[in-house]
Each structure stands twice: as structure tokens, then as C-alpha cells.
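Residues per chain are reported as follows:
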Amino acid sequence: MIYKNPVVKGFYPDPSVCFANGKFYMVCSSFQYFPGVPLFESVDLVNWTQIGYVLTRPDQVMLDKINSSGGVFAPTIRYNAGRFYMVTTNDTTRENFYVWTDDIYGEWSDPIYVDQGGIDPSLYFEKGRCYFMSNGEDANGVGGVVQCEIDIATGKKLSESKCIWQGTGGRYLESPHLYKIGKWYYLMAAEGGTEYGHMITCARSRSIWGRYSRNPNNPVLSNRNKAPYIIQGIGHGDLIQDQNGNWFILSLGFRQIHLWMPFHNLGREVFLTPVKFGEDGWFTAGADGTTEETFEIDADIVQEEKKRYTFENTKWNVDWSYMREPDFKKYELLDDKAVLTGSEITLEEADSPTFIALRQKEFVFSMSADVTVEGSGEAGFTVYMCENEHYDICLRKCAEGEGYEAVLKLNIGGIKHIQKAVPIKGNSAKLIVKADNFSYNFFFKEEGDVVPNSLGYGYAKYLTSEVSGGFTGVMLGMYAIGNVKSEFTGFDLEYK
Ligand code: 6LW
């Protein structure tokens, strides 16, 4: 069959994968969003279903007032002796910790901290021992992959931290993962930074502590010289064998909004690339070391894609995300309706406004809901990259006089602009967002309106990592601010 990349669309960066009991499980980073660490399952590595999140309790991870793109960095998932482990970094508190569960569909443990710095921690289990590695530095302060042995029950270090590999000279040596395949320990990592120069490199050793020698053909995977090409930034991956014995790398990458426009708004997504081991024991990946949009593999799989998201076909605690430390009293989330109560916290703050969102998964979509507001605040949709860059369409009380108005607000780089405000007859309207690769277009429709009324548009390229910086992607959110009670019904998000 021919499968299509990305295999998981939208802002799901830094994938890590393990195999247990006939299924693959994948985790991704989540930064300031809550719950933390989206968790997926798959039987074939091509079709992934989100089953929930790993960090579901606010006391597992400190997200209060953290910066956007702070918080939960790249996680690793591993399975050993009947138990799942997820290890990650809270980059804001600079803590490395892991949690575990014996039931992948249940709750995970409280955090267990490891006293070794750096980001992108990974675990490797062998013969009752557990090794912990992260990106760190050697005794002279030069960056490298640093490893120690730990007691997996307590997180206590059982050895010194030792720098075992310093990469191939690319900047930001990150995402180390260790595998024992045959007689070799393979150390795979990312270099070049998570932008256009991103790549995956590897080294191997007969001993777990090294010395690791570089693959002569590094990087094994990178799209950095592939142009003009939509898929860029391929890197930060995990190696996995499917149930037929074939190897793959599951990595992050991103899609530019256009061949000649180096901007990406969908965040870093999940890509699957076939891997082949050669006679010399080294592996190669993809098409001459690049990740393509399609790959042909020898498997009988039908790749499925969900194109439509409604209240009825999504689960609040699986598909939707809040920001930082939500005040759950402000949310009444029912089967066919969401009632959101505003607070004093706005979308312009690195805080926890009333906000609940799905990830934008495709450039082209149409989203609508019937919204009713009561009170002096505002409520509606936000197309949200971070507190500085977001476009909001809302209903609110008219600034002067009686009645309500439909408003489009465009926020870019500290500029807060009201594009248009149009009085409405009552206190409810259908709010509509239609997007293509280049723009988000905003409309509202009142009862009796045949054609939607346009409020204007905002360019997509301003809601991108190239403009905002950071590591997240656009979230399509419902929000409420101020003294307002709002009701959302008939939510409908459809990708082309
Ligand atoms: C992550 C690092 C990276 O920890 O970006 O893509 C950082 N690579 O490995 C944030 O996701």
C-alpha cells in the first residue's frame, strides 16, 4: 500500500513510540497545554488514534503562568516488564521526571524526578537495569548526550552521569534514544535545531557506555536540502520495528503553507519513514535519506482520516485541550453543548483564560458554531498561535448603547486591532471561520440571514512559528473573557 505523510496531522511534536501487547503507543510534547503529553495507539504505525493524555492531573506538572512553548518538552515512552514509562522535561522548572502506569488506558503515577539536567530524556532497559539519558554537556561544558544508570523505582542515580556522544557537529544535539539491535547499541539523535536544518544522526558501540562511532553516512534522515518541497524540518525521531519485522522512524516534521513560502502554522506533525538495515549493520532511511509525502510499503493497510469534528464525535478529555491550569468551574462540557464562563484573564496573557481547543490539522477548513452570550464580556472562536498572535471572532455587548455586536480582532506582534464590529439583532449568531493556506476568513450569520456577513480576514503566515517563535502550532479554540456566560452548540469543524 501507499501511505501518506504526515500520519498524524496538527501540532503533535517530538513523537516517541513503543510496542506492547500487540499495539504501538506514541506520545508527543504539549508545552503550555493541559492535559499534558497526548497519547496515541496504533496497530500498524500508519493509523493513529488518540486515547488520552499522560499528564492528566495538575499536580503532576507545574504549568501555572508558564511562558508559551515552556512546560512539557519532548517525551519518551518505553515499556518494560509490564509497565509503561513516560519520561519528559518541564522546561520551565528545568526538571526531568517520569511517570508510569500498568494500565495504558488508566491514570499514570505521580512524577519521579531524576537529578540529571538537559532536555529530551530517554530511558533504556536491559537485564533489570535502567539507563537514563538526556542532552547535556561534558566536563568542559561542550554539548553531548549524557547517560547514567538509575534505580527505576526511585529515580535515584546509581552511577555518575557520563557524556557518551557529541554528535556530528550540528547545532542542538537533542532527542537521544538508545536501542540494542543485534550486537550493537545504536544511539540515534537529532541535530541542527528543530527548524529547517533539522536532521537525524546516529552512532553505534559494542558497549553501552561507548565509545560510540558515527555512521559514515550521517545524517540518516533530513529534508534540509529538499527544495522546493512542502515537508521540512524532519528530525527528532524514534526507531521502531513493525509486526512484520520492518523498521521505521517516526519523527517530527512540518508542512510549509506553500512551496515558496517558508512559514508553518500547523505546528510540528508526525511523519513515518521506512528504514532499511544494510550489510554493514548501519541503517538508511526514506528516499535517499529524506522523508517524502508518500511511501510504498509491503503491508495491507487502509489509511483512514477523520475529516469532521463535532461535539458528538469528539471526547472532551481526549481530543480537546485547555491552557495551563484551567479553572474547571468555568466549563460545562456536555454531549451537544459547551457552556463557557469568562474570567478576567484574557487571551493576551501567558495565563489560563477560559479556553478549550482542538489542534488545526489541515490548512483548508471550515468551522462554525451557534454562539449565545449573556453579560458584558465576550465569547467566540480564537485561531490561536500564542498570546501575541491570534485572531478572534466573538460576540460582545456594544461599546455604546444597548445590544450586542459581532467583532473580529486581529492580534499580531503586540498590535491589537479591531478589524470590524457589526451590531446584531439579538445576543446570538453563528460564528464561522473559513481557512485556506494563506488566510483565515471570518463571518457571522444571524437568524434570517441567507448569506454570511464577512468581518474580514487575517493572513495565515502571521500565526506561524517563523513569526511567533516557539514550538507549538495553531489551536482552534472556543473562549470566553470577562463577565460573560456563553453557550456553544452545533460545533462543526470540517477539513477539505
Ligand atoms: C525538544 C527538542 C526539539 O525538546 O524541540 O525537535 C524541543 N526538537 O528536542 C521542543 O519540542
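Predicted model, so just to flag it, every value in this text is computed and none were measured.

A.B. asks: So what's going on with the sheet that holds strand β17 (residues 199–205)? Which residues, and what values?
C.D. replies: Reading across the sheet, the four strands line up as β15-β16-β17-β18 and stay open at both edges, with antiparallel pairing between neighbours. Sheet topology places β15 (174–181) and β18 (213–214) at the edges, where each strand pairs with a single neighbour. Across two bridges, the pairing between β17 and β18 is antiparallel. Residue pairing for β18: Ala203 is matched across the bridge by Arg214.

A.B. asks: Residue-level account of the side chain of Arg255, with values.
C.D. replies: With respect to the helices and strands, the residue Arg255 is situated in strand β20 (residues 247–255). Residue Arg255 is classed as buried on the basis of its relative accessible area, which comes to 9%. Of note is the side chain of Arg255, whose polar atom sits 2.7 Å from the side chain of Glu269. From its side chain, Arg255 meets the backbone oxygen of Lys361 in a polar contact 3.1 Å long. Contact partners of Arg255, with chain neighbours within four places excluded, come to Pro6, Lys9, Ile230, Ile231, Phe263, His264, Leu266, Glu269, Phe271, Lys361, Glu362 and Phe363.

A.B. asks: I'd like to hear about the site of the ligand, residue by residue, with values.
C.D. replies: Taken together, 13 residues form the shell around the ligand, and within it Asp14, Asp120, Thr194, His236 and Arg268 come nearest. Interatomic distance of 2.8 Å between a side-chain N/O atom of Arg268 and an oxygen atom of the ligand. Contact with the protein chains hides 99% of the accessible area of the ligand, taken as 290 Å² for the molecule alone.

A.B. asks: Could you give me a rundown of the nonpolar core, with the residues and numbers involved?
C.D. replies: What tends to happen in soluble globular proteins is that the nonpolar side chains get buried as a cluster. One finds Tyr440 and Met478 to be the most contacted residues of the largest nonpolar core, which totals 66 residues. If you count residues domain by domain, this core takes at least three from each of domain 1 (2–296) and domain 2 (308–495).

A.B. asks: An account of the sheet that holds strand β14 (residues 162–165) is requested, with residue identities and associated values reported.
C.D. replies: The strand order across the open sheet formed by four strands is β11-β12-β13-β14, and the pairing between neighbours is antiparallel. Each edge of the open sheet carries a strand with a single partner, namely β11 (119–126) and β14. Adjacent strand axes in the sheet meet at a mean angle of 35°, parallel and antiparallel pairs treated alike. Pairing of strand β13 (residues 143–150) with β14, which is carried by three bridges, proceeds in the antiparallel orientation.

A.B. asks: So, the environment of Val318: which residues are in play, and what are the values?
C.D. replies: Mapped onto the fold, Val318 is located in helix α1 (residues 316–319). Once you skip the residues sitting within four places of it in the chain, Val318 turns out to touch Gln50, Ile51, Gly52 and Tyr53.

A.B. asks: So what about the environment of Gln360? Which residues, and what values?
C.D. replies: Following the sequence through the fold, Gln360 ends up in the loop between β28 (354–359) and β29 (365–375). Take Gln360: its relative accessible area is 0%, and that puts it in the buried class. As a C-alpha pair, Gln360 and Phe11 span 349 residues in sequence and 7.4 Å in three-dimensional space. Excluding residues that lie within four positions of it along the chain, Gln360 makes contacts with Gly10, Phe11, Asn265, Leu266, Phe365, Tyr440, Val474, Leu476 and Tyr495. Polar contacts involving the side chain of Gln360 include one to the main-chain carbonyl oxygen of Glu362, which spans 2.8 Å.

A.B. asks: Which residues make up unusual backbone geometry, and what values go with them?
C.D. replies: Backbone torsion omega between Gly210 and Arg211 reads 15°, so that peptide bond is classified as cis. In this fold, Arg211 is placed in the loop between β17 and β18. For the peptide bond that leads from Asn218 to Pro219, omega is -5°, which places it in the cis range. The residue Arg94 is not glycine, and still its phi comes out positive at about 55°. In this structure, Arg324 is a non-glycine residue whose phi angle is positive, near 55°.

A.B. asks: Go over the layout of surface pockets with me, naming the residues and quoting the values.
C.D. replies: Quantified by volume, the largest pocket comes out at close to 1,100 Å³. Lys9, Glu305, Lys306, Tyr309 and Lys361 are the residues nearest the centre of the largest pocket, which is lined by 39 residues in total. When residues of the lining of the largest pocket are traced back to their parent elements, those giving at least two are β6 (49–55), α1, β28 and β38 (484–495). Partitioned by chemical class, the residues of the lining of the largest pocket number 17 nonpolar, eight polar and 14 charged. Residue-level mapping places the lining of the largest pocket at the junction of two domains, with at least three residues from each of domain 1 (2–296) and domain 2 (308–495).

Definitions and limits used
- Residue indices begin from 1 for each chain and proceed along its sequence in written order.
- Where totals are concerned, whole chains, interfaces and linings use all residues; where local detail is concerned, this predicted model gives features only for residues with pLDDT of at least 70, and gives and counts side-chain atom pairs only at 80 or more.
- Heavy atoms throughout the structure, all of them, feed into the side-chain values; hydrogens and water do not.
- Note on pairing: two strands pair once DSSP finds at least 2 bridges between them.
- Helix and strand assignments follow DSSP, with helices taken as H or I runs no shorter than four residues and strands as E runs no shorter than two, numbered in order from the N terminus.
- Here the term buried applies to any residue with accessible area under 20% of the maximum for its type, exposed to any over 50%, and partly exposed to those in between, with areas from a 1.4 Å probe on protein chains only.
- Polar contact is defined as a pair of N or O atoms within 3.5 Å, subject to the rule that within protein one atom must be able to donate a hydrogen and the other to accept it, and that residues adjacent in sequence are counted only when both atoms are side-chain atoms.
- Residues are treated as being in contact if the distance between any of their heavy atoms lies within 4.5 Å.
- A cutoff of 4 Å decides nearness: a residue is near a molecule or strand if any of its heavy atoms lies inside that distance of it.
- Note on areas: Shrake-Rupley, 1.4 Å probe, and residue coverage restricted to the protein chains presented here.
- We define the nonpolar core as a collection of buried residues of types Ala, Val, Leu, Ile, Met, Phe, Trp, Tyr and Cys that are connected through side-chain atoms lying within 4.5 Å of one another.
- Boundaries of every domain are those given by an automatic assignment or by a domain database.
- Lines fitted to C-alpha atoms define the axes, with helix axes restricted to the stretch in contact, and inter-axis angles between N-to-C directions lie between 0 and 180 degrees.
- The method works on a 1 Å grid over the protein atoms by themselves. A cavity is a set of points holding a 1.4 Å probe that cannot get out, a pocket is an open set with protein on both sides within 12 Å along at least five of seven lines, and residues with an atom within 4 Å of a point line them.
- Grid points are joined across faces, edges and corners, and a volume is the space filled by probe spheres set on the points.
- Residues are grouped as follows: Ala, Val, Leu, Ile, Met, Phe, Trp, Tyr, Cys and Pro are nonpolar; Asp, Glu, Lys and Arg are charged; all remaining types, including Gly, are polar.

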